[in-house]
Structures are given as C-alpha cells and as structure tokens.
Amino acid sequence: MKPFLLRPSASTLNMLRQACLQRRDAVPPTLTEKALIPGIPDARYWLDQDLTPFIRDVSQANLREAEALASAGLPNDTLPLANMLAVSGGGDAGTFAAGVITGWTVHGTRPVFKIVTGISAGALVAPFAYLGPEYDGFILRICHAIGPKDVFRSRNVLTRLASDGIADSKPLSRLIAKYVTAETLAAIALEYAKGRLLMIGTTDLDSARPVTWNMGAIAASEAPGALHLFRNIMVASMSIPGAVSPVMIDVDVDGQQFQEMHVDGGVLTQVFLYPPGTVMALNRVTGARLRDERHFYVIRNGKLEPQWSGTKRRTLSIGGRAISALIQTQGISDLDRIYRIAQQDGADFNLAYIGADFDISRNHKFDGEYMKRLFDYAFQLSAKGYPWHKSPNT
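Residues numbered from 1 in each chain as written. Predicted model: local features only at pLDDT ≥ 70, side-chain atom pairs only at ≥ 80, totals over all residues. Heavy atoms only, no water.

**Q** What is the right way to look at the nonpolar core in this model?
**A** Among soluble globular proteins, nonpolar side chains are generally buried collectively. Counting 107 residues, the largest nonpolar core has Phe96, Trp213 and Ile218 as its most contacted members. Of the residues forming this core, the biggest block, eight residues, is contributed by helix α4 (residues 121–131). Among residues more than four places away in sequence, those in contact with Trp213 are Ile37, Ala43, Arg44, Leu198, Met199, Ile200, Thr202, Ile218, Leu229, Ile233, Ile249 and His262. (Core = buried A, V, L, I, M, F, W, Y, C linked by side-chain atoms within 4.5 Å. Buried < 20%, exposed > 50% of the residue type's maximum accessible area, 1.4 Å probe, protein only. Helix = DSSP H or I, 4+ residues; strand = E, 2+ residues; numbered from the N terminus. Contact = heavy atoms within 4.5 Å.)

This is the structure:
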C-alpha cells in the first residue's frame with residue numbers, strides 16, 4: 001500500500017505563492033548611513049554612531065527658536081527653559097500616556113514642549129502631544145477607538161507560513177491615516193519652524209540599528225511622499241517583528257535604489273530623548289544659542305517592578321515570557337540612561353509610570369475594559385497634579 005501523502009490543493013499553492021513577498025535589495029552595510037529618503041535628506045539620524053547631523057539640526061532649531069522669540073519681542077540672548085517629553089512603548093498600556101497627557105491639560109500645568117519623542121505605542125501619541133492641548137481630542141478618539149481588530153488583522157495559518165508576519169497592520173494604517181492628515185502635517189511644520197522638534201524611533205532590521213526620524217523636517221519638507229512617509233514611520237514604530245508585517249521604506253544611495261525593512265523601535269530602545277554628550281557638543285558650536293534650564297518628562301507605559309506570570313511549559317509561552325522579561329529590563333535601563341543624562345546636563349528629571357496600586361488584569365491584548373480603566377487611572381492622577389518621580393528608583 002502506498003503511503004498517504006497530504007497534497008496541498010492548487011488554490012492553496014497559489015495563495016502561498018502570492019503570500020511570498022518580494023523586496024528591493026537591502027542597503028549594503030557599508031552604505032547604511034549614506035542612504036537618504038528621496039526629497040527629504042534630513043529625514044532621520046543614526047544616533048548610535050556619528051552625532052554630527054543631529055547636533056547641526058538641533059543647533060539650527062535653536063536658532064529658529066531664537067528668531068521666533070525675537071519676532072515676538074522677547075529676549076533671545078539665552079534661550080528659555082526647555083521642557084522635553086519622552087513617551088515609551090508599551091502596547092495597549094499606551095493609554096496610560098494618553099491619560100497622563102490629557103489629565104495634565106485639565107490640571108492647567110502642561111507646558112509647551114521643545115522636544116517630544118515617541119517609540120512604539122508612544123509614537124501614536126507623540127505627534128498630538130507635540131501639537132498641544134487643542135489636539136487632546138485626537139488622543140482621546142484614538143485611545144477609545146483601539147481594539148484588537150482596529151490595530152492588526154490576523155492572517156490564516158497557511159498564509160502566515162509564507163508571509164512576513166502573523167498579522168498585517170492595515171487596520172492601524174487606516175486609523176493613523178484618519179487622524180494624521182495633510183492638515184496635521186501642516187500644523188507640525190509650523191511648530192517645527194519655531195524651533196520645536198518631534199522625533200519617532202524605529203528599528204532598521206537589516207542593519208539591526210535604531211533610527212531616529214526627524215518628523216518635523218519630514219512635515220516641513222513639502223516632498224510629494226511626506227505624508228505617506230510620516231504615516232508609515234508611525235506604523236513601523238509599532239510593528240512587532242514576526243507578529244506584524246514590517247514597513248518597507250524606499251531609500252536612495254547615489255542614485256541607486258534600495259529598500260529598508262523597519263519594525264518596532266522597541267526592539268532596541270523602549271524610550272529615548274537625546275544622546276549623552278549632546279549639550280556639550282552644542283555648546284561648542286560656533287554661534288550656538290545657549291540654554292541654562294531643561295526639564296525632562298518621561299512617561300513609561302508600564303510598571304517598574306517585574307510582573308509575576310505563571311508560564312506554561314510550551315515553546316511559545318516560554319519564548320514569549322523571556323522576551324517580555326527582556327523588554328522589562330531594557331526599559332529600566334533606558335530610564336537609567338535618561339536619568340544619567342539629566343544629571344550630566346543639570347536637567348530636572350520627572351518620571352511617570354503605572355504604579356503598583358493599579359492591579360487590573362487584561363483578558364487579552366488590547367482589552368477595551370483594561371485600556372479604559374488604565375486611561376481613567378492615569379487621567380485622575382494627572383488631573384489632580386501628577387506626583388512625578390524624581391528618579392527611576394523612587
């Protein structure tokens with residue numbers, strides 16, 4: 001008797017062939033930092049290596065700020081206090097940052113931020129936090145609109161085998177497109193012209209390096225693909241590799257076209273502000289405007305202490321738990337790094353995180369009830385005057 005063989009149907013084979021995705025050549029390793037976004041040469045930085053382009057752009061931003069102050073009839077010899085906001089990753093816990101920011105508005109003490117950064121879940125909030133309280137409605141609508149089907153769409157088992165992720169991010173792309181419009185970009189460009197900076201982090205998976213995107217420069221570029229790129233960066237920053245399809249971004253090196261694969265910025269960094277040594281380097285720039293006072297505000301969409309979780313004796317459970325523990329440890333290290341930078345630069349450090357008193361558990365990812373309870377918890381704390389922690393150890 002001949003052995004029975006499982007033969008996939010013609011329709012199944014055709015579906016698998018269609019799922020096999022092609023891409024342009026990846027950027028060769030020796031050309032990584034030469035790759036540019038067509039029409040937007042100052043779109044991003046590689047802050048793990050040469051800080052020169054970043055220092056140049058920050059110095060120019062300070063000059064724009066000084067010009068804006070002069071136009072308003074204000075003194076500009078020394079730049080005023082700079083408030084800086086960093087919003088971390090955290091998946092569905094991103095509603096914590098939404099609650100802190102909107103509650104801060106109600107309290108009446110929310111400042112205008114010189115710099116806003118976001119990564120992963122923080123990338124969804126950062127542009128609207130940057131634009132100010134009049135965009136709190138956008139944060140609230142996005143926060144309350146998100147459920148599992150509003151973020152990612154699962155693929156069937158067969159398609160997953162030949163695709164680039166268990167799910168695709170088309171629902172998230174549609175959500176972002178609804179709120180990040182040409183008008184939103186114009187508003188960001190206007191604030192960028194005043195010397196304010198908005199940055200979002202992704203991970204270039206080919207080079208395994210963090211990429212910091214200068215979202216204000218993208219918005220102000222008026223390049224034909226600026227809006228599409230802006231939205232794609234936000235999607236990429238939230239795209240967990242393997243779980244969700246990566247975002248492919250076309251780049252150019254001396255007229256030759258390549259394609260980069262970008263995924264969740266949280267793969268390498270959970271939260272960021274600016275690299276150590278930035279202020280020292282700025283002070284050495286000829287004609288640079290000096291600043292005496294900085295306040296750092298860091299919102300961590302998570303708890304500080306490790307969370308206990310019974311782990312099933314299964315491959316996926318064990319692997320998932322190990323990754324979760326790694327992300328937790330990495331996030332704490334990122335907070336410590338920002339705290340050390342604050343100490344070096346004489347900045348006032350302020351940290352918000354989910355306290356041990358919030359003990360609501362989720363039934364599944366993007367559990368609507370959990371997200372609502374977390375938002376309300378953060379909003380109530382912030383509306384009364386958030387008790388900012390002055391170090392990662394308090």
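**Q** Which parts of the structure should I look at to understand the packing of aromatic side chains?
**A** Given two aromatic rings, one states the distance between the centres and the angle between the planes to describe the pair. As enumerated under the stated definition, the model contains 16 aromatic pairs in all. Note on Tyr135 and Phe138: the rings are 5.0 Å apart at their centroids and 45° apart in plane angle, and the pair reads as tilted. Residue classification places Tyr135 among the buried positions, given a relative accessible area of 16%. For Phe138, a relative accessible area of 21% puts it in the partly exposed group. Note on Tyr297 and Trp388: the rings are 5.1 Å apart at their centroids and 65° apart in plane angle, and the pair reads as edge-to-face. Of the two residues, Tyr297 is situated in strand β13 (residues 294–299) and Trp388 in the segment after α14 (368–383); the sequence distance between them amounts to 91 residues. Trp388 shares its class with Tyr297; the two are buried. By the ring-pair criterion, three or more aromatic residues cluster together here, those being Trp104, Phe113, Tyr297, Tyr386 and Trp388. Lying over the aromatic face of Tyr192, Arg64 brings its terminal NZ or CZ to 4.2 Å of the ring centre. For the cation-ring pair, Arg141 lies above Phe138, with the distance from its terminal atom to the ring centre recorded as 5.0 Å. (Phe/Tyr/Trp six-rings, centres within 6.5 Å; stacked < 30°, edge-to-face > 60°. Lys NZ or Arg CZ within 6 Å of the ring centre and 35° of its normal.)

**Q** For this particular structure, what's the right way to read the side chain of His295?
**A** For His295, the location among the structural elements is in strand β13. Apart from the residues lying within four places of it in its own chain, the contact partners of His295 are Leu81, Ala82, Asn83, Met84 and Asp348.

**Q** Looking at this structure, I do not really get helix α3 (residues 95–107). What am I missing?
**A** In an α-helix, one turn spans 3.6 residues, which is why side chains three or four residues apart end up on the same side. In this model, α3 (13 residues) spans 18 Å end to end at C-alpha, consistent with the 18 Å of a helix rising 1.5 Å per residue. By the burial criterion, the buried members of α3 are Thr95, Phe96, Ala97, Ala98, Gly99, Val100, Ile101, Thr102, Gly103 and Trp104. After α3 finishes, the residue Gly108 shows a positive phi value of roughly 90°. (Expected span 1.5 Å × (residues − 1).)

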